[in-house]
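# Commentary on secondary and tertiary structure
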Amino acid sequence: MTHRIGIIGGDGIGPEVVAEALKVVDAAGLAYEPVPFDLGGSRYLRDGAVLPDADLEAISRLDAVLLGAVGTPEVPPGVIERGLLLRMRFELDLYINLRPFVAGPSHLNDGVDMMCIRENTESTYAGEGGFLRKGTPHEIATQGSVNTRFGVERCVRYGFDLARSRPRKHLTLVHKTNVLTFAGDLWERTFNEVATEYPDVTTAYNHVDAACIHFVQDPGRYDVIVTENLFGDILTDLGGAVAGGIGRAASGNLNPARTGPSLFEPVHGSAPDIAGQAKADPRAAVISAVMMLEFLGEDTIATRIRTALAATDHVTGSTPEIGDAIAGAL
Ligand code: IPM
Ligand code: MN
């Protein structure tokens, strides 16, 4: 079967790292049909389009999407992020944002091997809120957090299933139940109820501020973490910084129900400061592509690329040089 894979290079270093990921995937002999999309800040600056309905419709019929990074300083913050990235997360129901952090011998915190699961469709990202009396001295801004039993439960269940599949079988819920007494209560109750169905999985709870301390001082304590959208956003940048580096931080925006494609992307952004200089580490894009292959059931090719990544972990150089080294080690 030939997979139809959407390719969104995007902006800044996005196209540079995606080119290397495709170089590696090609060298590994994957049979696929690339379906390129011209989306991101540069497209928006040209014709004002963020995500045309026809593109979203075409994307929804693909098997998967590989995205580099989107956003450019010439476009006001949020336009591309919300109009493209978040719209795809919501409309394709990519409700799990899976972010692995694995540190090898040449990194800080060698031996860390954790999976962060970030709920990807709710919380403060849902866009609830608004202004009252905007621009006056009595202006009010609210920004709500939307948490549904359905959304929380499917995410928590994904966490227990993933923890069950790993040797340590340990799942930590991260939230802020002492202050967020409504959303936190729903998460905690759901977590504890689902836990009774998984007696083989051991559990822990950490407030998000305490989790930040543990990420810095003792990240090895974690196996699988499940958390809500905004905490997961912040915690996973920290995860990249303390384990493996942000240049190796990959992610899968998953639709585990497989009602449509899942989307895979590096956690780093478009990094306009180093764009066009071949300075970006393409590994986060390569690992994102490997996660995509695993999700598509291409385990043999995925394992070969993982082996090549491990064998070239110490390699430094320009973006294409690192891509060449990984492809050459296959
Ligand atoms: C991420 C990014 C996005 C997020 C932005 C670009 C909207 O930071 O994928 O972590 O906040 O989710
Ligand atoms: Mn982020």
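Analysis parameters
For every chain, the first residue of the written sequence is number 1, and numbering continues from 1 onward in sequence order. Chains and ligands are labelled sequentially in the order written, the chains with letters from A and the ligands with numbers from 1. Owing to the predicted nature of the model, reporting of local features is limited to residues with pLDDT of at least 70; listing and counting of side-chain atom pairs is limited to 80 or more, with chain, interface and lining totals taken over all residues. Computation of side-chain values covers all heavy atoms of the structure but excludes hydrogens and water. Numbering of helices and strands runs from the N terminus; a helix is a DSSP stretch of H or I covering at least four residues, while a strand is a stretch of E covering at least two. With the radius of gyration taken over C-alpha atoms, the globule rule is written as 2.2 Å times the number of residues to the power 0.38. When a residue's accessible area, from a 1.4 Å probe over protein chains only, is under 20% of the maximum for its type it is buried; when over 50% it is exposed; and in between it is partly exposed. In this analysis, two residues are considered to be in contact whenever any of their non-hydrogen atoms come within 4.5 Å of each other. All accessibility values rest on the Shrake-Rupley procedure with a 1.4 Å probe; residue burial counts only the protein chains present in the view. Near, as used in this document, describes a residue that has one of its heavy atoms within 4 Å of the molecule or strand being considered. N or O atoms closer than or at 3.5 Å make up a polar contact, with two conditions inside protein: a donor-capable atom paired with an acceptor-capable one, and, for residues adjacent in sequence, both atoms drawn from side chains. We define a salt bridge as a side-chain nitrogen of Lys or Arg found within 4 Å of a carboxyl oxygen belonging to Asp or Glu. Only buried residues count toward a nonpolar core, which is a set of Ala, Val, Leu, Ile, Met, Phe, Trp, Tyr and Cys residues joined through side-chain atoms within 4.5 Å. Here the expected length of a helix is defined as 1.5 Å per residue gap, with one fewer gap than residues. Here, any two strands with at least 2 DSSP bridges between them count as paired. Where helices are involved, their axes are fitted lines through C-alpha atoms of the stretch in contact, as for all axes, and angles between N-to-C directions lie from 0 to 180°.

## Some remarks on the overall build of the protein chain
- Within the protein chain one finds eleven helices and twelve strands.
- Computed over the C-alpha atoms, the radius of gyration of the protein chain is 20 Å, within 12% of the 20 Å expected from 2.2 N^0.38 for a compact globule of 330 residues.
- With the principal axes as the frame, the protein chain shows a C-alpha extent of 50 × 50 × 40 Å.
- Taken over 330 residues, the protein chain has a buried fraction of 53%.
- Across the protein chain, the fraction of contacts at a sequence separation of at least 24, relative to all contacts at a separation of at least 6, is 74%.
- A total of about 14100 Å² of accessible surface is found on the protein chain, and carbon and sulfur atoms cover 56% of it.

## Thoughts on the site of ligand 1
- All residues adjacent to ligand 1 are E81, L85, R89, R99, R118, Y125 and D233.
- Within the side chain of R89, an N or O atom sits 2.7 Å from an oxygen atom of ligand 1.
- R99 is positioned such that a nitrogen or oxygen atom in its side chain is 2.9 Å from an oxygen atom of ligand 1.
- Here ligand 1 loses 75% of its free accessible area of 320 Å² to cover by the protein chains.
- In terms of residue count, helix α4 (residues 79-91) provides more of the shell around ligand 1 than any other element does, three residues in total.

## A look at the pattern of salt bridges
- Scanning the entire structure with this criterion turns up 25 salt bridges.
- Between E153 and R157 there is a salt bridge whose closest N-O contact spans 3.1 Å. One end of the pair, E153, and the other, R157, are both in helix α5 (residues 149-164), four residues apart, so they sit about a helical turn from each other.
- Using a relative accessible area of 24% as the deciding quantity, one classes R157 as partly exposed.

## Some words on the nonpolar core
- Counting 58 residues, the largest nonpolar core has L66, F160 and I305 as its most contacted members.
- It is helix α9 (residues 283-295) that provides the largest number of residues to this core, a total of nine residues.
- If near-sequence neighbours (up to four positions away) are discounted, F160 is found in contact with L171, F191, V194, A195, Y198, V201 and T203.
- F37, L62, V75 and L94 belong to the second largest nonpolar core, which has 20 residues in total.

## Some words on helix α1 (residues 14-27)
- With 14 residues, α1 ought to run about 20 Å at 1.5 Å a step, and its terminal C-alpha atoms sit 20 Å apart, in line with that.
- Among all positions of α1, only G14, E16, V17, V18, E20, A21, L22, V24 and V25 are buried.
- Among the residues trailing α1, G29 stands out with phi positive, at a value near 85°.

## Observations concerning the sheet that holds strand β11 (residues 250-254)
- Strand order in this open sheet of ten strands is β2-β1-β3-β12-β11-β4-β5-β10-β8-β9, and the pairing throughout is mixed. Among the strands making up the open sheet, the edge pair consists of β2 (32-36) and β9 (202-207). Each adjacent strand pair in this sheet contributes to an overall mean axis angle of 20°, direction not counted.
- Both strand β8 (residues 170-175) and β9 contribute to a ladder of six bridges, which runs parallel. Opposite T172, over in β9, you have A204 as the bridge partner.

## Observations concerning the pairing of strand β12 (residues 262-266)
- Of all five residues in β12, five are buried, a share of seventy percent or more.
- Residues S262, F264 and P266 point to one face of β12 and L263 and E265 to the other, with burial holding for every one of them.
- Here three bridges tie strand β3 (residues 64-69) to β12, and the two strands are oriented parallel to one another. The partner of L66 across the bridge, within β12, is F264.
- As paired strands, β11 and β12 are joined by four bridges and run antiparallel to one another. Across the sheet, S251 pairs through a bridge with E265, a residue of β12.

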